Amino acid sequence: MARLKDRALLLRRMPYGESSLVVHAFTRRHGRVHLLAKGAYRRTSRFFCVLDLFHSLELSWATRPGRDLDPLAEGDLVRRRRRLPLDMEAFGAGSAILELLDLASPQGRVDTGLYDLAERALDQLEQGQEAGNSILLRFQLQFLAQMGIAPALSACASCAGAAPAVDPEGLRAAFSAGAGGRLCTDCASETRRGGGRVGTLPVAVLEATVRAAAGPCSPELGVELRTRCLDLVSRFLDYQLD
């Protein structure tokens with residue numbers, strides 16, 4: 001039986017028996033682990049008020065191959081994020097971040113880069129210096145890049161060439177989630193001939209999404225445009241994860 005210790009974020013918490021707790025945690029160096037915290041609901045427990053969502057933890061557990069649940073030996077708070085659950089927008093964004101971690105972290109898969117992205121985004125939500133939806137938008141784009149499925153937003157997803165607007169006013173560009181993002185006219189036609197779905201999106205939304213991936217959204221972006229960028233990326237995520 002090996003003893004392991006690692007930094008962790010909780011993905012799920014489930015009551016077990018009268019006083020114990022089963023937790024699914026995403027750890028930095030060991031990936032996803034499923035742990036049993038015996039007596040976690042007792043006030044005298046060393047885990048009491050420690051195993052909460054959004055906090056950065058340091059967990060220690062004994063592991064053995066073939067076991068579904070490993071016993072949690074120690075749990076310590078590394079960073080408590082008190083403000084995040086009190087802000088509705090930040091809470092929603094933080095919950096979405098943990099949900100993406102949950103979907104992308106089967107047991108046996110280690111992704112240190114994804115862990116660091118998530119912890120940094122949760123820190124930003126806790127600080128409250130930027131809108132929660134802006135932080136979530138940036139995290140989603142970084143998540144897609146980390147998973148190798150980021151949408152093409154500037155060049156053509158198919159031929160990597162220029163993908164100009166498809167209307168005379170230059171306001172809309174061809175876009176296909178199935179093809180990987182923005183498309184030039186020729187590749188859009190080829191995708192349609194192959195049975196793929198191709199629509200159009202406002203060029204302004206695509207360009208604003210590119211800027212959002214690079215850093216904090218500027219105030220000039222505006223709530224409406226930021227919401228449309230988040231809707232675009234969320235729909236792309238849904239398509240890819242389905």
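Up top is the structure these notes are about.
In this report, the structure presented in the accompanying data block is examined. These numbers were taken from a predicted model, which means no experiment stands behind them.

Along its 16 residues, helix α3 (residues 132–147) runs 22 Å from first to last C-alpha, staying within 8% of the 22 Å computed at 1.5 Å per residue. Of all the residues in α3, the buried ones are G132, S134, I135, L136, L137, R138, F139, Q140, L141, F143 and L144. For α3, the elements touching its buried residues are α1 (88–104), α2 (112–127), α5 (203–214) and α6 (223–241). Positioned one or two residues after α3, G148 has a phi angle of 80°, which is positive.

All chains considered together, the criterion is met by 4 aromatic pairs. Considering the side-chain rings of F26 and Y115, the 6.0 Å spacing of their centres and the 40° angle between planes classify their relative orientation as tilted. One end of the pair, F26, is in strand β2 (residues 20–27); the other, Y115, is in helix α2, and 89 residues separate them in sequence. Judged by its relative accessible area of 0%, Y115 is buried. Aromatic pair F139 and F143: ring centres 6.1 Å apart, planes at 35°, arrangement tilted. Of this pair, F139 and F143 both sit in helix α3, 4 residues apart, which is roughly one turn of the helix.

So, on to the layout of surface pockets. The volume enclosed by the largest pocket comes to roughly 540 Å³. Lining the largest pocket are 21 residues, with F175, S176, A177, L201 and R235 sitting closest to its centre. Those elements that provide at least two residues to the lining of the largest pocket are β6 (172–176), β8 (199–202) and α6. Looking at the lining of the largest pocket element by element, the count peaks at 6 residues for α6. For the lining of the largest pocket, the residue count by class is 10 nonpolar, 6 polar and 5 charged.

Another point: the packing of α1 against α3. In a packed pair of helices, the relevant descriptors are the angle between the two axes and the axis-to-axis distance. Across the interface, α1 lies against α3 with an axial gap of 8 Å and an inter-helix angle of 15°. Classified by the interaxial angle, the pair formed by α1 and α3 is roughly parallel. Relative to α3, the crossing made by α1 is right-handed. Counted together, E89, A93, A96, I97, L100 and A104 of α1 and G132, N133, L136, F139, Q140, F143 and M147 of α3 form the full contact between these two elements. The class makeup of the residues in the contact of α1 with α3 is 9 nonpolar, 3 polar and 1 charged.

One pass over the structure, following the stated rule, counts 15 salt bridges. R13 serves as the salt-bridge partner of D52, at 3.3 Å between the closest nitrogen and oxygen. Taken together, the residues D52 in the loop between β3 (31–37) and β4 (56–63) and R13 in strand β1 (residues 2–16) connect sequence positions 39 residues apart. Relative accessible area serves as the criterion here: at 27%, D52 is assigned to the partly exposed category. Using a relative accessible area of 34% as the deciding quantity, one classes R13 as partly exposed. One salt bridge connects D116 with R28, and the closest N-O pair in it is separated by 2.8 Å.

Let's shift gears to the sheet that holds β8. With antiparallel pairing, the 3 strands of this open sheet are ordered in space as β7-β6-β8. Two strands close off the open sheet at either side, each with one partner strand: β7 (181–183) and β8. Here the strands of the sheet are splayed against their neighbours by 55° on average, with no regard to which way each runs. As paired strands, β6 and β8 are joined by 4 bridges and run antiparallel to one another. By the bridge assignment for β8, A173 is matched with L201. Contacts between α5 and the sheet are confined to β6, β7 and β8, with β8 contributing the most and set at about 65° to the helix.

Before going further, it helps to spend a moment on the environment of L136. Residue placement: L136 occurs in helix α3. Residue L136 is classed as buried on the basis of its relative accessible area of 7%. For the pair L136 and S95, spaced 41 residues apart in the sequence, the C-alpha separation amounts to 9.9 Å.

Counting along the chain gives 10 residues from D52 to R42, while the straight-line C-alpha distance between them is 15 Å. There is a polar contact of 3.3 Å between the side chain of D52 and the side chain of R13.

Quick notes on the rules
Residues numbered from 1 in each chain as written. Predicted model: local features only at pLDDT ≥ 70, side-chain atom pairs only at ≥ 80, totals over all residues. Heavy atoms only, no water. Helix = DSSP H or I, 4+ residues; strand = E, 2+ residues; numbered from the N terminus. Expected span 1.5 Å × (residues − 1). Buried < 20%, exposed > 50% of the residue type's maximum accessible area, 1.4 Å probe, protein only. Contact = heavy atoms within 4.5 Å. Phe/Tyr/Trp six-rings, centres within 6.5 Å; stacked < 30°, edge-to-face > 60°. 1 Å grid on protein atoms, 1.4 Å probe; cavity = no way out; pocket = protein on both sides within 12 Å on 5 of 7 lines; lining within 4 Å. Points joined across faces, edges and corners; volume = space filled by probe spheres on them. Nonpolar A, V, L, I, M, F, W, Y, C, P; charged D, E, K, R; others polar. Axes fitted to C-alpha atoms, helices over the stretch in contact; angles between N-to-C directions. Parallel < 35°, antiparallel > 145°, perpendicular 65-115°, else oblique. Left-handed = near helix turned anticlockwise from the far one by under 90°. Salt bridge = Lys/Arg side-chain N within 4 Å of Asp/Glu carboxyl O. Pairing = 2+ DSSP bridges. Polar contact = N/O pair within 3.5 Å; in protein donor to acceptor, adjacent residues only side chain to side chain.

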